[in-house]
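Coordinate analysis (summary)
Below, each chain spelled out in residue letters.
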Amino acid sequence: PGQLPPVKEAAVLADVLGIDLTEIYRQAAESQILQLAYQARTGQGVQIAPQPGQLEEWLGVQAEAFLTAPLIVWRNATRMACTYAIREALGYDKDGLLHPGEPLVCRSTHEEDRAEGLINNTLWRVIAVTTDPCLVTVAPDGGDDDQEQHTIQIHVEELHGDAIAPAAIPFRFGYCLTAHTAQGGEWPTVYIAKPDMLAMYGA
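A brief structural summary.

Thresholds, definitions, all that
- Residues numbered from 1 in each chain as written.
- Predicted model: local features only at pLDDT ≥ 70, side-chain atom pairs only at ≥ 80, totals over all residues.
- Heavy atoms only, no water.
- Buried < 20%, exposed > 50% of the residue type's maximum accessible area, 1.4 Å probe, protein only.
- Helix = DSSP H or I, 4+ residues; strand = E, 2+ residues; numbered from the N terminus.
- Contact = heavy atoms within 4.5 Å.
- Salt bridge = Lys/Arg side-chain N within 4 Å of Asp/Glu carboxyl O.
- Phe/Tyr/Trp six-rings, centres within 6.5 Å; stacked < 30°, edge-to-face > 60°.

1. As for helix 2 (residues 32–42)
Residues that lie three or four places apart on an α-helix share one face, since the helix turns once every 3.6 residues. Residues of helix 2 that are buried include every one of Gln32, Leu34, Leu36, Gln39 and Ala40, and no others. Packing partners of the buried residues in helix 2 comprise strand 9 (191–192) and helix 7 (194–200).

2. Brief notes about the pattern of salt bridges
Going through the model one piece at a time under the given rule, you end up with six salt bridges. Glu158 is the salt-bridge partner of Arg79, the closest N and O atoms lying 2.6 Å from each other. Of this pair, Arg79 sits in helix 3 (residues 76–89) while Glu158 is found in helix 5 (residues 157–160), placing the two residues 79 residues apart along the sequence. Both residues of the pair, Arg79 and Glu158, belong to the buried class. Notably, a salt bridge pairs Glu102 with Arg87, separated by 2.8 Å at the nearest N-O pair. Taken as a pair, Glu102 in the loop between helix 3 and strand 2 (103–106) and Arg87 in helix 3 lie far apart in primary sequence, 15 residues in all. Neither residue differs from the other here; Glu102 and Arg87 are each classed as buried. In the salt-bridge network here, residues are joined through shared partners; they are Arg79, Glu157, Glu158 and Arg172.

3. Focus: the packing of aromatic side chains
Scanning all chains against the criterion turns up two aromatic pairs. Consider the rings of Phe66 and Tyr191, whose centres lie 5.3 Å apart with planes at 70°: the pair is edge-to-face. Taken together, the residues Phe66 in the loop between helix 2 and strand 1 (71–73) and Tyr191 in strand 9 connect sequence positions 125 residues apart. In this structure Phe66 comes out as buried when scored by relative accessible area, which is 8%. Between Phe173 and Tyr175, the aromatic rings sit 5.8 Å apart at their centres with planes inclined by 35°, giving tilted as the arrangement. For Tyr175, a relative accessible area of 0% puts it in the buried group.

Encoded structure:
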């Protein structure tokens, strides 16, 4: 019952009779993070009880933090706005080039890209950028930069818009992820946009 519904399709898993899985295995039952997720999902109202090292409320975070720990949001408009704000705080031009170290999310659904390991919603990091021709070297985020590198023509939604060149592989920046993109992912630290979390259930 806790499965995120699809963005545009019917919530099939919520409508089909079956068995509900209710026992918690992936987290400790008393986990503050699990309790927060349950509050948000059931619309009880989000009450953050800070617990140092596990669950903390922050009014602001340095932009550099999002190089390795994503900001999770609900709305796509929030994702775009936060991505631009983070890159600007890092000193990156909104319409400029990619920079080594930037996090990316692959958005390709093409079979030939999948065969190369460039799979939709996988996380990548920029290793190098050349301007003539304009190519970007990426490697899987969290992996060994010397392995599985790809030097490709890249299309980043926030920089290049919606018109994707035939030879380009689509990506988004990975500083900020919607909950749908982030589901199933694991990081040592994540940040959650509280205004978006409250808006998700009309608070």
